[in-house]
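Now for the letters of each chain:
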Amino acid sequence: MADQLIYIGSGEIEQLLQYSELLPVLERALANFSSEGGGGVEQPVRSTVPVAKYNGFLGVMPAYSAEDDALVTKIVRFYQTTSPTNSSHHATVLLFDPSNGILKAVMDGAVITEKRTAAVSAIATKYLQRKNLDVLCILGAGPVAVSHYEIFTQMFPFKQVKVWSRTRERAQKFAETVKGPVQVCASAKEAVLDADVVITVTMATEPILFGEWVKPGAHVNAVGACRPNWRELDDGLMKDAVLYVDSRAGAMRESGDVILSEAEIFAELGEVVKGTKPALCERTTVFKSLGENKQAIIKRADDRTKLVIHFGCVLCCNFQYSF
């Protein structure tokens, strides 16, 4: 009798996927991805189909890991919207039997993407930060901004968190959603000044973060602007900072911040994790995240027909930003 197709919803994933287990596996995955030959990972740069009539995109991201014997595809839709009630994105993760290509499980991908994206930013900050972290700035107020707040306030001893969104209603909602104090700022500049770590998780198509605002030696996690003609960071910041990426190939094909500024990539984050490239913490650093690392590694539980999610690095298109 054929196995029944398994579905896992966002609620169950929220319970199963804990940062304490996710972080070390992601670090190993980043290092593996940046190893010679890609660490046995076959993952082409994502394919994106514009849906111009409705101002949307559909992204498809397949991957296979020989080490983990896992075959996964992530499908994400992204529709630009300014509505505070309608989500701009949704993702679905498909798990296949690598021996025959038969679909085994379908998972809601929203929580997976949000937690994985925030966790990789936290790993980048862990390696690229300076010692004293007092002020965290988040530009953007959508679901991925919330996930970044959660893990960053758990991992780092920030004394102040400032948030800005182009829509103040979204920023206020963010402040009401998270479990901790937040200063809602009237402008991006106000939020960025004096910040030790800046996170950009927006739908911006033009720069909203300028180098002249950024404190020398600060670290920036640039998560939005995942299209080759979109920007979050200006040329001054991109060229003056030391630039790290998750994937050179992905950044050179998809990141408008990298392509349009012609900034030089210093290293992949996985190379820093491995110790083959240095973390220049005394300089201002930028980590450009595109989510081109690896795929989810998912194994059956022995005592039930559910799937326990065990991440190497979820296939992640950063179509997750709410401005």
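Before reading on, note that the structure itself is shown above.
Report follows, based on the coordinates. (Residues numbered from 1 in each chain as written. Predicted model: local features only at pLDDT ≥ 70, side-chain atom pairs only at ≥ 80, totals over all residues. Heavy atoms only, no water.)

Our focus in this paragraph is the overall build of the protein chain. From N to C terminus, the protein chain includes 10 helices and 17 strands. Burial statistics for the protein chain: of 323 residues in total, 58% are counted as buried. Long-range pairs, those at least 24 residues apart, make up 66% of the contacts in the protein chain between residues at least 6 apart in sequence. Surface exposure of the protein chain reaches about 13,500 Å², of which carbon and sulfur atoms provide 51%. (Helix = DSSP H or I, 4+ residues; strand = E, 2+ residues; numbered from the N terminus. Buried < 20%, exposed > 50% of the residue type's maximum accessible area, 1.4 Å probe, protein only. Contact = heavy atoms within 4.5 Å. Areas by Shrake-Rupley, 256 points an atom, 1.4 Å probe, with all protein chains shown as cover.)

Ordered in space as β10-β9-β8-β11-β12-β15-β13-β14, the eight strands form an open sheet in which the pairing is parallel. One side of each edge strand has no neighbouring strand; the edge strands of this open sheet are β10 (183-184) and β14 (265-268). Pairing of strand β13 (residues 242-245) with β14 involves three bridges; the strand directions are parallel. Bridging across to β14, Tyr244 finds its partner in Ala267. (Pairing = 2+ DSSP bridges.)

Bringing the state of the cysteines into the picture now. Enumeration according to the criterion identifies zero disulfides in this entry. With no disulfide of its own, Cys185 lies closest to Cys137 among cysteine sulfurs, the gap being 7.1 Å. (Disulfide = S-S within 2.5 Å.)

This paragraph deals with helix α2 (residues 19-33). Its 15 residues give α2 an end-to-end C-alpha distance of 20 Å, which sits within 8% of 21 Å, the value for a rise of 1.5 Å per residue. Taken together, the buried positions of α2 are occupied by Tyr19, Leu22, Leu23, Val25, Leu26, Glu27, Ala29, Leu30, Ala31, Asn32 and Phe33. (Expected span 1.5 Å × (residues − 1).)

Of note in this structure, Ala225 is not a glycine but carries a positive phi near 55 degrees. Turning to its location among the elements, Ala225 is positioned in the loop between β12 (219-222) and α7 (235-240). Its relative accessible area of 0% is what places Ala225 among the buried residues. Phi is positive for Glu262, close to 60 degrees, though the residue is something other than glycine. With a relative accessible area of 68%, Glu262 lands in the exposed category.

Taking every second residue as pointing to the same face, both faces of β13 are buried, with Val242 and Tyr244 on one and Leu243 and Val245 on the other. Of the strand pairs in this sheet, β13 and strand β15 (residues 285-288) are connected by four bridges, and their pairing is parallel. What sits directly across from Val242, in β15, is Thr285.

Right, let's get into the pairing of β12. Side chains His219 and Asn221 project from β12 onto one buried face, and the interleaved Val220 and Ala222 project onto a second face that is buried too. Direction of pairing for strand β11 (residues 197-200) relative to β12: parallel, over a ladder of four bridges. Residue Val197 lies in a different strand from β12, and its bridge partner there is His219. Of the pairings in the sheet, the one linking β12 to β15 comprises four bridges and is parallel in character. Looking across to β15, one finds that Val220 is bridged to Val286.

As a further point, take the packing of aromatic side chains. Going through the model one piece at a time under the given rule, you end up with eight aromatic pairs. Judged by centre distance (6.0 Å) and plane angle (80 degrees), the rings of Phe57 and Trp230 are edge-to-face. Of the two residues, Phe57 is situated in strand β4 (residues 56-65) and Trp230 in the loop between β12 and α7; the sequence distance between them amounts to 173 residues. Note on accessibility: Phe57 and Trp230 belong to one class, buried. (Phe/Tyr/Trp six-rings, centres within 6.5 Å; stacked < 30°, edge-to-face > 60°.)

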